[in-house]
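Remarks on the overall topology
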Amino acid sequence: MKEKILIVEDEKDIVKMLEYNLKKEGFRTLSAQDGEDALDYASREHPDLIILDLMLPGMDGLEVCKALKKETRTASTPIIMLTAKTQESDKVVGLELGADDYVTKPFSVRELTARIKAVLRRAKEKDKTAEILKLGDLIVDLSRITVSVKDKPVELTAKEFELLKTLIKARGRVLSRDYLLDTIWGFDHAIDIQTRTVDVHIRTLRKKLKGESRRIVTVKNYGYKLEHED
Ligand code: CA
């Protein structure tokens, strides 16, 4: 399947030029003109790579990079930054934040394409050593952030995935609602809201996991655990 590239850039001419050239190279493209859309598309569309201009209106590219790396769903998506010559220090910050590479404007399409291919190749190598967990019919790929039951993909929200991942990592152990809320949502709330938030997500998660939902065991008045033995 063709790899999908998300272009985050507010300059329409550059977007057009990139879309044209990347399509010619056999990629699929989609584009976002600001940070908010970029985060939204990155999480919903699962691009294989993100080209991220650092100069954006509103939320700047570095903030976008940080937010992408923080979110489980997008954390492993490779990022190539577009920087201006005057942004030398931003480039370093971006790499520290987890961007994979950068290209300085004005850039040649050939150079950018070569970088894209190299980054995608490295990402694939990483995938091979990815952490994949199999529990009966349930397969969870922690680095690709995919879940399947009986080979059918299961679409989870970021929070549902976090919840499943946290339960899997602690499999066999009971985790309290407070612990789950703290780890996944990281905020304090009134007791009834706390309980509800976790419970509501557990409910939708169970529904989506179908036959494998039995693995999520309720420990009354306390929390949940994931049963890893059949
Ligand atoms: Ca720009």
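The structure presented is a predicted model; accordingly, all values stated were derived computationally and were not measured.

Turning our eyes to something else, we now look at the overall build of the chain. For the chain, the count of helices and strands is eight helices and twelve strands. The buried share of the chain, reckoned over its 230 residues, is 45%. For the chain, long-range pairs separated by at least 24 residues make up 56% of all intrachain contacts whose partners lie at least 6 apart in sequence. For the chain, the exposed surface amounts to about 12700 Å²; the carbon and sulfur share of it is 50%.

The next point concerns the coordination of the calcium ion. For the calcium ion, the full set of protein donor atoms is Glu-9 (OE), Asp-10 (OD), Asp-53 (OD) and Met-55 (O), at a range of 2.1 to 2.4 Å. Taken in chain order, the donor set of the calcium ion reads E-D-x42-D-x1-M. Taken together, the residues Asp-10 in the loop between β1 (4-8) and α1 (12-24) and Met-55 in the loop between β3 (49-53) and α3 (61-70) connect sequence positions 45 residues apart.

Here the focus is unusual backbone geometry. The linkage connecting Lys-105 with the following residue, Pro-106, adopts the cis geometry, with an omega of -10°. With respect to the helices and strands, the residue Pro-106 is situated in the loop between β5 (101-105) and α5 (109-128). For His-46, which is not glycine, the phi dihedral falls at a positive 45°. Relative to the helices and strands, His-46 resides in the loop between α2 (35-45) and β3. Exposure remark for His-46: the relative accessible area of 34% places this residue in the partly exposed category.

Its location among the elements puts Asp-137 in the loop between β6 (132-135) and β7 (138-141). Sequence separation of Asp-137 and Gly-211 is 74 residues, and the distance between their C-alpha atoms is 8.3 Å. If we skip the residues at most four places from it in the chain, Asp-137 touches Ser-148, Val-149, Lys-150 and Glu-212.

On to the domain arrangement of the chain, then. Partitioning the chain into domains gives domain 1 (4-128) and domain 2 (132-226). Look at where the C-alpha atoms of domain 1 and domain 2 centre, and you get two points 31 Å apart. Taken residue by residue, the interface counts seven residues in domain 1 and ten residues in domain 2. Carbon and sulfur atoms make up 41% of the area that domain 1 and domain 2 hide from each other, which totals about 720 Å². Where domain 1 packs against domain 2, one counts zero salt bridges. For the interface between domain 1 and domain 2, the tally reads zero residue pairs in polar contact (both at pLDDT 80 or more). A breakdown of the residues in the side of domain 1 that touches domain 2 according to their chemical character gives no nonpolar, four polar and three charged.

So, how was this worked out
Residues numbered from 1 in each chain as written. Predicted model: local features only at pLDDT ≥ 70, side-chain atom pairs only at ≥ 80, totals over all residues. Heavy atoms only, no water. Helix = DSSP H or I, 4+ residues; strand = E, 2+ residues; numbered from the N terminus. Buried < 20%, exposed > 50% of the residue type's maximum accessible area, 1.4 Å probe, protein only. Contact = heavy atoms within 4.5 Å. Areas by Shrake-Rupley, 256 points an atom, 1.4 Å probe, with all protein chains shown as cover. Donors = N, O, S within 2.8 Å, 3.2 Å for Na, K, Ca; no water. Domains from an automatic or database assignment. Buried area = accessible area lost by both parts, 1.4 Å probe. Salt bridge = Lys/Arg side-chain N within 4 Å of Asp/Glu carboxyl O. Polar contact = N/O pair within 3.5 Å; in protein donor to acceptor, adjacent residues only side chain to side chain. Nonpolar A, V, L, I, M, F, W, Y, C, P; charged D, E, K, R; others polar.

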